[in-house]
Amino acid sequence: MGKLQPSRCFGLQLPQSLTAYWLLGILGSLFAFRSATKKNVQYDDVPEYKDRLSLSENYTLSINNARIGDEKKFVCMLVTEDNVFEQATIVKVFKQPSQPEIISQAEYLETEQLKMLGQCIAKDGYPEGNLTWFKNGIVLQPVEETIVIHEQTNVDQASGLYTVISSLEYKPTKDDTDAQFTCTVTYFAPTGQETMRSESAVFEIHYPTEKVKIQVLSQRNSIKEGDNITLKCSGNGNPPPQEFLFYIPGEPEPIRSSSLYALIDVRRNATGEYRCALTDESLMDSTIITIHYLDLSLTPSGEVIKQIGEALPVSCTISSSRNATVFWLKDNTRMRSSPSFSSLQYQDAGNYICETTLQEVEGLKKRQILTLIVQGKPQIKMTKKTSTDGSYKTISCHVEGFPKPAVQWTSSGGVINKTEETKYMNGKFVSKIKIAPEENVTLTCIAENQLERTVNSLNVSAISIPESDEPEEKSDDNMENVNDQAKLIVGIVVGLLLAALVAGVAYWLYVKKSKSASKHVDKDLGNIEENKKLEENNHKSEA
């Protein structure tokens, strides 16, 4: 414990004949003395101080390796030729205890249960120290059935040092989660009162579940047929429940499972209320799950072969969990309306797609394809036209049919191979030949496909004989331009008619105000005009 200097014996100017004695207690035994004349120090045989004493020339007594037993009264006695002086001093011994620590800590605490939290211990101190418990820096005071503190002090018989122990029983609440518990020891030192604090301890607080929650774990906000669903059930207790009961639509009994329950490849009949509960069914939660679906039925579908002029009803029926968006495509071009065929034409052939989506549900899209093939026997119409300079004639064979007919030209001289063809579009094309016949000739156009063979002939006069040309048919490429021009003409005509109507009304008002005399004149003029027309008709009849 160190070196003690109980006192310096007086502080006087001492005579040379002085002898100083140190005694234990007022009536204690002599155990050290020093004579000023003999200059030597003598120590009595006191076992507890053997080899621990030192008395200096200025009569200061030092005790090495101090012990608790050294806490006592020491008396210094000075003896001179004339007198004897005594003065006593009390030696106090202090020993700082070890840093307090919390031992025997509970693994966990439970709400509503008073349980031993731990023991605070400070070892080998002197004099005896005091222990205090803290929670989050606030002193814990005993509270009946909530905070119970037991104090205990042990003394080492050999050293006389104190070990103090304080046991804390504590009934926690949920709010004590993550609370920090510490303890301090307060002890006396030569400089006064000192305090040391232990390291903090945090305890897991167990409390029962008060609420159950069910969740749907899905990668999408909306669930569709074919998706996988994971249900998660959780409780807010600590530790959380490990098993639950899941109530699944269509299942007669609840299913006992861990906190996760998986549904694979769900169907529309899985729509409904899902519940989970604690195994004792004391607490329960529920949620509604909607399984979105989308059905599309196209009638007819696939490849359909029809004859030109036939009717074909087409229907696209949708069944869905929500309002669906439906649109049609023909050859990858969006249509303004759904197709309807009362009399099929070659241009109606193509790939028709009925497609529908649920915009609120990611990835839910359906489509079906109708491949329409319109077949027809070859139809032929022949025309002729003389070139502007009169050097040749163009003979055209207008062909309709599907599959595309093969065309062959013949004349009285045999097969004609030098021909031209327009683009085959919407089941139509034109095969042409150019000739400059020296005499009248008959040309034959033969068109043949898998359905039939059709033959048509046309008499063509010699190039030197003038003849009237037959008008060319409008091709499909020109039809759109003609339609646009027709629309423009119709607009102009409507404008002119409106202007004429206004002029007519004005004229009628003017005529109404005319005098009756003018009416007779108009009548005579009318008769003259009628006579002229009769004469012209007679001349035409004679001609």
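Calculation rules
All residue numbers here refer to positions counted from 1 along the written sequence of the relevant chain. At least 70 in pLDDT is required for a residue's local features to be given in this predicted model, at least 80 for side-chain atom pairs to be given and counted, and no such filter applies to totals for whole chains, interfaces and linings, which use all residues. To obtain the side-chain values, all non-hydrogen atoms of the structure were used and water was disregarded. Put simply, DSSP marks the helices as runs of H or I at least four residues long and the strands as runs of E at least two long, and each gets a number from the N terminus on. The buried label goes to any residue with under 20% of its type's maximum accessible area, the exposed label to any with over 50%, and the partly exposed label to all in between, with areas taken from a 1.4 Å probe on protein chains only. Residue contacts are defined here by distance: any two heavy atoms, one from each residue, within 4.5 Å place the two residues in contact. Surface accessibility in these figures is a Shrake-Rupley result with a 1.4 Å probe; residues are shielded only by whichever protein chains are displayed. The predictor attaches a confidence to each residue, called pLDDT, with possible values from 0 through 100. The term disulfide is used for any two cysteine sulfur atoms that are within 2.5 Å. A pair of strands is considered paired only if DSSP assigns at least 2 bridges between the two. Axis lines are fitted to C-alpha atoms, over the contacting stretch for helices. Their N-to-C directions set the angle, which ranges from 0 to 180 degrees. Definition of a polar contact: a pair of N or O atoms within 3.5 Å, with one able to donate and the other able to accept a hydrogen when the atoms are protein atoms, and with sequence-neighbouring residues admitted only if both atoms are side-chain atoms. Salt bridges are defined as contacts in which a side-chain nitrogen from Lys or Arg sits within 4 Å of a carboxyl oxygen from Asp or Glu.

Notes on the overall build of the protein
Item 1. Scanning the protein from N- to C-terminus turns up two helices and 42 strands.
Item 2. Counting every position in the protein, which comprises 543 residues, the buried fraction comes to 34%.
Item 3. The contacts of the protein with a sequence gap of at least 6 include a subset with a gap of at least 24, amounting to 59%.
Item 4. Here the protein has roughly 33600 Å² of accessible surface; of this, 48% comes from carbon and sulfur atoms.

Examining the confidence of the model for the protein
Item 1. Within the protein, residue pLDDT values average 84, and 82% of them lie at 70 or more.
Item 2. In this model, residues 515–543 is a region of pLDDT below 50 whose contacts with residues beyond four sequence positions or in other chains number zero contacts.

What to know about the state of the cysteines
Item 1. As enumerated under the stated definition, the model contains four disulfides in all.
Item 2. The disulfide bridge from Cys233 ends at Cys276, spanning 1.9 Å between sulfur atoms. Its torsion about the S-S bond being 65°, the disulfide of Cys233 and Cys276 is classed as right-handed. One end of the pair, Cys233, is in strand β22 (residues 229–235); the other, Cys276, is in strand β26 (residues 272–278), with 43 residues separating them in the sequence. Both residues of the pair, Cys233 and Cys276, belong to the buried class.
Item 3. Two residues share a disulfide in this structure: Cys397 and Cys445, whose sulfurs sit 1.9 Å from each other. Here the S-S torsion is close to -85°, and the disulfide linking Cys397 with Cys445 is therefore left-handed. Here the residue Cys397 occupies a position in strand β36 (residues 393–402), and Cys445 occupies one in strand β41 (residues 441–448), the gap between them amounting to 48 residues.
Item 4. Judged by relative accessible area, which is 0%, Cys445 ranks as buried.

Focus: the sheet that holds strand β20 (residues 212–217)
In sheet architecture, strand pairing relies on hydrogen bonds along the backbone and comes in two forms, parallel and antiparallel.
Item 1. Judged by pairing direction, the sheet is antiparallel, and its three strands sit side by side in the order β20-β22-β25 without closing on themselves. Strands at the two margins of the open sheet, each flanked by one partner only, are β20 and β25 (260–263). The mean angle between the axes of side-by-side strands here comes to 20°, regardless of whether they run parallel or antiparallel.
Item 2. Two elements, β20 and β22, share six bridges in a ladder whose sense is antiparallel. Looking at the pairing, Leu217 lines up with Thr230 of β22.

Some thoughts on the environment of His398
Item 1. Its location among the elements puts His398 in strand β36.
Item 2. Separated by 49 residues in the primary sequence, His398 and Ala447 have C-alpha atoms spaced 9.8 Å apart.
Item 3. Polar contacts involving the side chain of His398 include one to the side chain of Thr383, which spans 3.3 Å.

Quick word on the pairing of strand β11 (residues 115–125)
Along any regular strand the residues' side chains alternate between the sheet's two faces.
Item 1. As defined by bridge partners, strand β9 (residues 101–103) adjoins β11 across three bridges and the pair is classed as antiparallel. Bridge assignment links Ile102 to a residue of β11, and that residue is Cys120.
Item 2. As paired elements, β11 and strand β15 (residues 162–170) share eight bridges and run antiparallel to each other. Pairing of Ala122 across the sheet is with Val164, part of β15.

Structural notes on the pattern of salt bridges
Between side chains of opposite charge, a pair can form as their charged atoms come close.
Item 1. The final tally for this structure, using the stated rule, is 15 salt bridges.
Item 2. Put simply, Arg256 and Glu243 hold a salt bridge, and the shortest N to O gap is 3.1 Å. Taken together, the positions of Arg256 in strand β24 (residues 255–257) and Glu243 in the loop between β22 and β23 (244–247) put the pair 13 residues apart, joining distant regions of the chain.
Item 3. The exposure class assigned to Glu243 is partly exposed, which follows from its relative accessible area of 40%.
Item 4. Residues joined in a network through salt bridges with shared partners are Glu225, Arg268 and Asp295.

Here's the deal with the side chain of Ser387
Item 1. For Ser387, the location among the structural elements is in the loop between β35 (365–386) and β36.
Item 2. One polar contact links the side chain of Ser387 to the main-chain amide nitrogen of Ser391, over a distance of 3.2 Å.

Considering the sheet that holds β41
Item 1. Here four strands make up an open sheet; going across it, the order is β38-β37-β41-β42 and the pairing antiparallel. Both outer strands of the open sheet, β38 (414–416) and β42 (453–460), are each paired with one neighbouring strand and no more. Across the sheet, the mean angle from the axis of one strand to that of its neighbour is 30°, orientation sign disregarded.
Item 2. Of the strand pairs in this sheet, strand β37 (residues 406–411) and β38 are connected by three bridges, and their pairing is antiparallel. For Thr410, the partnering residue across the bridge sits in β38 and is Val415.

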